[in-house]
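Commentary on secondary and tertiary structure
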Amino acid sequence: MRLILASGSQRRRELLKMCGYDYETIVSNADEHTDEKDPEKLVRILSERKAEEVYNRLISEGEAASNLAVLGSDTVVSFKDEIIGKPRDCEDAERILTLLSGKTHTVHTGVALATERGVRTECSTTRVTFSELTKDEIRAYIASGEPLDKAGAYGIQGPFGMFVERVEGNYFTVIGMPLPIMYRMLRDEGILPTMRRQG
């Protein structure tokens, strides 16, 4: 079966490769505008849209539905009543990191799999606690350029990991693809990874 990752995220590509999946990447052109205020519903909606858009595009180009599975994902951070996606710019990244400094927030990642049987969606949530960040630490991190394409303005798997005190839940949810959920969804469609020797 042809497995497609409907995402341009380098982190998601690396995770699928790490797990041993054979897949292709086709970035979704789905409309991501929504007024949904519940973060769990939001990531389900957006991951479903991404998977469906690529699936329908490939079907319209003549791909056999029985040979196609498209994986979509979306991640947001929530803190109190605010849903936080990717920062608009460096100033917004500084606002977000200042807001989350020394506090606990929740990361929500939705996963959707589109096949001829329809679209299945799930959501994983993980709580993350930051240490207290100084202005100099925040600005030095922003200067690296890393926060600008990440929900919540940080990447846990990079140097910012130095400031993460605690993770309650699935670590890979924070990176952008909860691997246990992804594995079960793909396994149910008969799509299994090849376990390769690392190193």
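Look a little higher up for the structure.
Residues numbered from 1 in each chain as written. Predicted model: local features only at pLDDT ≥ 70, side-chain atom pairs only at ≥ 80, totals over all residues. Heavy atoms only, no water.

Details of the environment of T125
What counts here: The way it works is that DSSP assigns letters per residue, a run of H or I at least four long becomes a helix, a run of E at least two long becomes a strand, and they are numbered from the N terminus. Note on contacts: a residue pair qualifies if any of its non-hydrogen atoms lie within 4.5 Å across the two residues.
Its location among the elements puts T125 in strand β6 (residues 118-130). For the pair formed by T125 and D92, sequence separation is 33 residues and the distance between their alpha carbons is 24 Å. Beyond its immediate stretch of four places on either side in the chain, T125 contacts E40, T106, V107, H108 and T173.

Examining the packing of aromatic side chains
Cut-off, in case you're wondering: Geometry of aromatic contacts follows a simple scheme: Phe, Tyr and Trp rings, the Trp one being its six-membered ring, pair when their centres are within 6.5 Å, and the pair is stacked under 30 degrees between planes, edge-to-face over 60, tilted otherwise. Summary of the burial criterion: residues with accessible area below 20% of their type's maximum are buried, those above 50% are exposed, and those between are partly exposed, where the area comes from a 1.4 Å probe applied to protein chains only.
Enumeration according to the criterion identifies six aromatic pairs in this entry. Ring centres of Y154 and F160 lie 5.3 Å apart, and the angle between their planes is 40°; on these two criteria the pair is classed as tilted. This pair shows no difference in class: Y154 is buried, exactly as F160 is. Taking 5.4 Å as the distance between ring centres and 80° as the angle between the ring planes, the aromatic pair formed by Y171 and F172 counts as edge-to-face. Judged by its relative accessible area of 33%, Y171 is partly exposed. Members of the aromatic cluster, connected to one another through ring pairs, are F130, Y141, Y154, F160 and F163.

Side note on helix α3 (residues 90-100)
Stated formally: It is the directions from the helix axis to the C-beta atoms that the arc portrays. Pairs of N or O atoms are called polar contacts if they sit within 3.5 Å, as long as, within protein, a hydrogen donor faces a hydrogen acceptor (for residues adjacent in sequence, only side-chain-to-side-chain pairs).
For α3, the full list of buried residues reads D92, A93, I96, L97 and L100. Each buried residue of α3 lies within a common arc of 130° when the element is viewed along its axis, so the set occupies one face. You can read the cap of α3 off the contacts: a side-chain oxygen lies 3.2 Å from the backbone nitrogen of E91, and it is on D89. Count one or two residues on from α3 and you reach G102, which has phi positive near 75°.

Side note on the environment of T173
By secondary structure assignment, the location of T173 is in helix α5 (residues 171-175). Given the relative accessible area of 0%, T173 is considered buried. As a C-alpha pair, T173 and T109 span 64 residues in sequence and 5.8 Å in three-dimensional space. When residues no more than four places from it in sequence are discounted, the contact partners of T173 are T75, V107, T109, S124, T125, T126 and P178.

Notes on the pattern of salt bridges
For clarity, the cut-off: Salt bridge criterion: a side-chain nitrogen from Lys or Arg within 4 Å of a carboxyl oxygen from Asp or Glu.
Throughout the structure, instances matching the rule amount to 16 salt bridges. In this structure, D74 engages K50 in a salt bridge whose closest nitrogen and oxygen atoms are separated by 2.8 Å. You can see D74 sitting in strand β3 (residues 68-79) and its partner K50 sitting in helix α2 (residues 39-60), a full 24 residues away along the chain. Judged by its relative accessible area of 7%, D74 is buried. The buried category is assigned to K50, whose relative accessible area is 10%. Between R127 and E168 there is a salt bridge, with its nearest N and O atoms 3.9 Å apart. In this pair, R127 is assigned in strand β6 and E168 in strand β7 (residues 164-168), connecting sequence segments 41 residues apart.

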